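Here is how the chains run, residue by residue.
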Amino acid sequence: MRMTKPVRGTLAALALSAAILLTTAAPANAAIMVTLTQTTGVQGTQVGVLASNCNDNATGDIEGVDVSFALVKNNNNATGTFTVTEAMKPKTYTVKVTCGGDTASANFTVTSGAAPATGGGGAASDTATVVLWSGAALVLAAAAGMWLLKRRSGVTAA
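Analysis parameters
Residues numbered from 1 in each chain as written. Predicted model: local features only at pLDDT ≥ 70, side-chain atom pairs only at ≥ 80, totals over all residues. Heavy atoms only, no water. Buried < 20%, exposed > 50% of the residue type's maximum accessible area, 1.4 Å probe, protein only. Helix = DSSP H or I, 4+ residues; strand = E, 2+ residues; numbered from the N terminus. Core = buried A, V, L, I, M, F, W, Y, C linked by side-chain atoms within 4.5 Å. Disulfide = S-S within 2.5 Å.

Draft legend 1. Structural detail: unusual backbone geometry. Positive phi values are uncommon outside glycine, yet Asn 53 reaches one of about 60 degrees. What makes Asn 53 partly exposed here is its relative accessible area of 28%. The phi dihedral of Asn 75 is positive, around 60 degrees, even though this residue is not glycine. Checked against the element boundaries, Asn 75 lands in the loop between β5 (67–74) and β6 (77–83). Asn 75 gets classed as exposed once you look at its relative accessible area, which sits at 64%.

Draft legend 2. Structural context of the nonpolar core. Core analysis: the largest hydrophobic core is formed by 25 residues, its most contacted members being Leu 36, Val 49, Ile 62, Leu 71, Phe 82, Met 88 and Phe 108. Mapped onto this core, the elements with two or more residues apiece are β1 (33–36), β3 (46–52), β4 (58–62), β5, β6, β7 (92–99) and β8 (102–110).

Draft legend 3. View of the state of the cysteines. If you walk through the whole model with that rule in mind, you get 1 disulfide. Disulfide partner of Cys 54: Cys 99, at an S-S distance of 2.0 Å. Judged by the torsion about the S-S bond (95 degrees), the Cys 54/Cys 99 disulfide is right-handed. Within this pair, whereas Cys 54 is found in the loop between β3 and β4, its partner Cys 99 is found in strand β7, the two being separated by 45 residues in sequence.

Now the structure itself:
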């Protein structure tokens with residue numbers, strides 16, 4: 001049976017896509033890897049945890065203290081967070097993640113000091129002020145441009 005050019009092109013594109021997908025996909029038994037959004041912080045710091053190659057919901061805990069957290073499946077990864085508690089004194093801790101039958105870990109170092117104040121206050125209003133003034137400048141520039149174009153064309157205002 002003879003195929004038309006569009007059908008052959010579609011089949012070729014599908015075959016190429018499947019080949020690329022199969023060569024770039026992680027093997028099913030790939031070991032999980034744990035990545036922390038930051039590796040140091042003070043008490044009160046919130047730390048993001050990513051378990052790569054984890055195709056299930058996972059659990060995490062910090063060895064030496066009573067801190068545990070959940071990681072939620074997200075595509076072929078699991079993500080979660082933990083907060084550095086007062087029980088975590090300045091030193092290096094092992095953050096252990098278990099996904100299915102696999103376990104992986106990463107180190108997190110608690111440093112002395114206080115967590116930065118977040119969630120409003122001066123920093124939030126500074127950003128809003130910059131956005132407000134930037135918008136006002138754009139509106140003013142557009143009005144000036146319209147005025148110049150109108151003046152240049154010689155059309156009188158109605």
